[in-house]
Amino acid sequence: MLMPKKIKYRKQQRGRLRGKAWRGSRLAFGDYGLKALGSGRLTSREIEAARIAITRYMKRGGKLWIRIFPDRPFTKKPAETRMGKGKGPVEGWVAAVRAGRILFEVEGLTLAEAQKALSLAAHKLCLRSTFIRRGPFDA
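Residues numbered from 1 in each chain as written. Predicted model: local features only at pLDDT ≥ 70, side-chain atom pairs only at ≥ 80, totals over all residues. Heavy atoms only, no water.

With that out of the way, let us pick up the nonpolar core. Residues Leu42, Ile54, Val97, Leu103, Phe104 and Val106 are the most contacted members of the largest nonpolar core, which totals 22 residues. Those residues in contact with Leu103 that sit more than four places away from it in its chain are Leu34, Ala36, Leu42, Trp65, Ile66, Arg67, Ile68, Val97, Leu125 and Ser129. (Core = buried A, V, L, I, M, F, W, Y, C linked by side-chain atoms within 4.5 Å. Buried < 20%, exposed > 50% of the residue type's maximum accessible area, 1.4 Å probe, protein only. Contact = heavy atoms within 4.5 Å.)

This is the structure:
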């Protein structure tokens, strides 16, 4: 599972995910990608499940880039606990994703293979996403 090695503060507030992604909204490495259509938080488990789905389908052909990283901790209080008494312990890690962000990129596959691989990954995520490919004017 992905998580940071070291952080400055153990617990963080949730914050708000307003607007569209400014950075990371264009294909940078591969020929095909999976782009988020909505904003939300992806857990490290979801990212790992999507990665496994893509690599299993690709077998040994192609290369995969994961363009998001779960660097924000989320906390949870135990079940049947009364209100108050502070914030709960860190339960896991999430990546804050805005609409338009590229989540995964692949290269070295045919169009049909890339669509199928990224479609399998999209089913593992809690966000709506779409398949994109490099256009004729992209670098």
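Next up on the list: the sheet that holds strand 1 (residues 32–36). Across the sheet, four strands lie side by side as 3-6-1-7; this open sheet has antiparallel pairing. Taken across any chain shown, the strands that pair with only one partner, and hence form the sheet edges, are strand 3 (63–66) and strand 7 (129–133). With direction set aside, neighbouring strand axes in the sheet form an average angle of 20 degrees. Here strand 1 pairs with strand 6 (residues 102–107) via four bridges, running antiparallel. (Pairing = 2+ DSSP bridges. Helix = DSSP H or I, 4+ residues; strand = E, 2+ residues; numbered from the N terminus. Axes fitted to C-alpha atoms, helices over the stretch in contact; angles between N-to-C directions.)

Turning our eyes to something else, we now look at the pattern of salt bridges. This model, assessed by the stated rule, comprises three salt bridges. Residue Glu48 is joined to Arg51 by a salt bridge in which the shortest nitrogen-to-oxygen separation is 2.7 Å. In this pair, Glu48 and Arg51 are both assigned in helix 1 (residues 44–58), three residues apart and thus about one turn of the helix distant. Here Arg67 ties to Glu105 by a salt bridge, and the two come within 2.3 Å at their closest N and O atoms. Separated by 38 residues along the polypeptide, Arg67 in the loop between strand 3 and strand 4 (72–75) and Glu105 in strand 6 bring together distant segments of the chain. Residue classification places Glu105 among the buried positions, given a relative accessible area of 0%. (Salt bridge = Lys/Arg side-chain N within 4 Å of Asp/Glu carboxyl O.)

Just geometry here; none of it tells us what the structure is for.
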